[in-house]
Every structure is written in C-alpha cells, then in structure tokens.
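Examining the three-dimensional arrangement
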Amino acid sequence: MNQIKFLIVALIAILAFASCSEDEPARMLWEVSGKPAGNVETSIHYDYNSPVWITVGGYAAEVILKCTNYSELSIYGQKNEDGKYVDSDCRFSAKVIDPTTVRISFDYMEDVDFTEKSCYLQIDGINGKDTRTTMVTITRKHLNYK
C-alpha cells in the first residue's frame, strides 16, 4: 500500500514540475543588407551566441538589420540626444528606425594607422511577453581592406 502511495506522489510531483517549465522564447531572426557591397560583408550564424556578424572596411557604409519575428526592438546602451547609440572605437552609430528595423551607419576611417577593431552591439527584442537579445559582432578593418 505504501508503495502505491509513493508511486502516486512521485507521479504527481513529476507532472507538477513538467507543467511548470516554460519554453525559451524563439531566437531573433534577421534579414541583413549592407551598402556599398564592396565595403560590407554580413553573415548570419544562428548556432553562435552572436548570430549576426558584420565586417566593414574603412569607408563609410550602412547596414540595415530587420527582425522578422519580434515586434519591437531596442538598442542597449547610452544614446545621444538624437536617440543613436554611438561606438567611438569601431566608429559607428545605430538607431531603431522603425519597430523592427535597426540602421547602423559607419563613419569614414581617416586614420591610415587603424588596423582592425571588433565591437558588439546588443539589440533586444520584445514580442508580447517574450523577450530575447541578439549580440551583433562588428569588425572594422583598415581603409584599404578588400
């Protein structure tokens, strides 16, 4: 009799714990475009912690990131008076230009001595009660890259 009670309690406990676990929110899915094409390389690797990789040479450029499955985006970090996140090391600015789209603008690199620098941009997504973060890896190369 005690064994039956123990099995019933164990079964109830297993069901209780199984029903309390929540599914992890879906990863953020991206469409990425960059211009000018000869100065910008983009790639997406969903199996990495930082799935969006952007490499830009020393010339001015622009990259558009559009999230296809989260309805609201925000950029983590201090913003200037125009609402742009500015990274002085990799010399870019980023701004949410509509609820699902981020524009990253890269400055012309005047210093000939600049070799290479990598930085990260954190973009947070909200979709209902689900939230998720994407880390964008940004690498700036020297002026004559490519």
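Right, let's walk through the structure included here.

Cut-offs and rules
Residues numbered from 1 in each chain as written. Predicted model: local features only at pLDDT ≥ 70, side-chain atom pairs only at ≥ 80, totals over all residues. Heavy atoms only, no water. Disulfide = S-S within 2.5 Å. Helix = DSSP H or I, 4+ residues; strand = E, 2+ residues; numbered from the N terminus. Pairing = 2+ DSSP bridges. Axes fitted to C-alpha atoms, helices over the stretch in contact; angles between N-to-C directions. Phe/Tyr/Trp six-rings, centres within 6.5 Å; stacked < 30°, edge-to-face > 60°. Buried < 20%, exposed > 50% of the residue type's maximum accessible area, 1.4 Å probe, protein only. Polar contact = N/O pair within 3.5 Å; in protein donor to acceptor, adjacent residues only side chain to side chain. Contact = heavy atoms within 4.5 Å.

With the rule as written, the count across this model stands at 1 disulfide. Covalent S-S linkage joins Cys90 and Cys119, the inter-sulfur distance amounting to 2.2 Å. Measuring handedness by torsion sign, the sulfur bridge of Cys90 and Cys119 sits at about 90° and is right-handed. Here Cys90, found in the loop between strand 6 (85-87) and strand 7 (92-98), pairs with Cys119, found in strand 9 (residues 116-127); they are 29 residues apart in sequence, far enough to count as distant.

Before going further, it helps to examine the sheet that holds strand 5 (residues 72-75). In spatial order, the strands read 2-3-10-9-5; together these 5 strands make up an open sheet with mixed pairing. Two strands lie at the open edges of the sheet, namely strand 2 (40-44) and strand 5, each paired on one side alone. If you compare each strand with its neighbour and ignore which way they point, the axes differ by 20° on average. Here strand 2 pairs with strand 3 (residues 52-56) via 5 bridges, running antiparallel. Paired with Ile44 across the bridge in strand 3 is Val52.

A separate point is the packing of aromatic side chains. Evaluation of the coordinates by the stated rule reveals 4 aromatic pairs. Arranged with centres 5.8 Å apart and planes meeting at 50°, the rings of Tyr59 and Tyr108 form a pair that is tilted. One end of the pair, Tyr59, is in the loop between strand 3 and strand 4 (61-67); the other, Tyr108, is in the loop between strand 8 (101-106) and strand 9, with 49 residues separating them in the sequence. Relative to Phe92, the ring of Tyr85 lies with its centre 6.2 Å away and its plane at 45°, an arrangement referred to as tilted. With relative accessibility at 1%, the residue Phe92 sits in the buried group.

Here the focus is the sheet that holds strand 8. The strands that make up a sheet are held in pairs by hydrogen bonds between backbone atoms, and each pair lies either parallel or antiparallel. If you walk across this open sheet you meet the 5 strands as 1-4-8-7-6, and the pairing is antiparallel. Among the strands making up the open sheet, the edge pair consists of strand 1 (30-35) and strand 6. Within this sheet the neighbouring strands show an average axis-to-axis angle of 20°, counted without direction. Pairing geometry for strand 6 and strand 7, over 3 bridges, is antiparallel. Residue pairing for strand 7: Val86 is matched across the bridge by Ser93.

Topologically, Asp124 is positioned in strand 9. There is a polar contact of 3.0 Å between the side chain of Asp124 and the side chain of Gln122. Of the polar contacts made by the side chain of Asp124, one reaches the side chain of Thr133; its length is 2.7 Å. What Asp124 contacts, discounting residues up to four positions off in sequence, is Met28, Glu72, Leu73, Ser74, Tyr76, Arg132 and Thr133.

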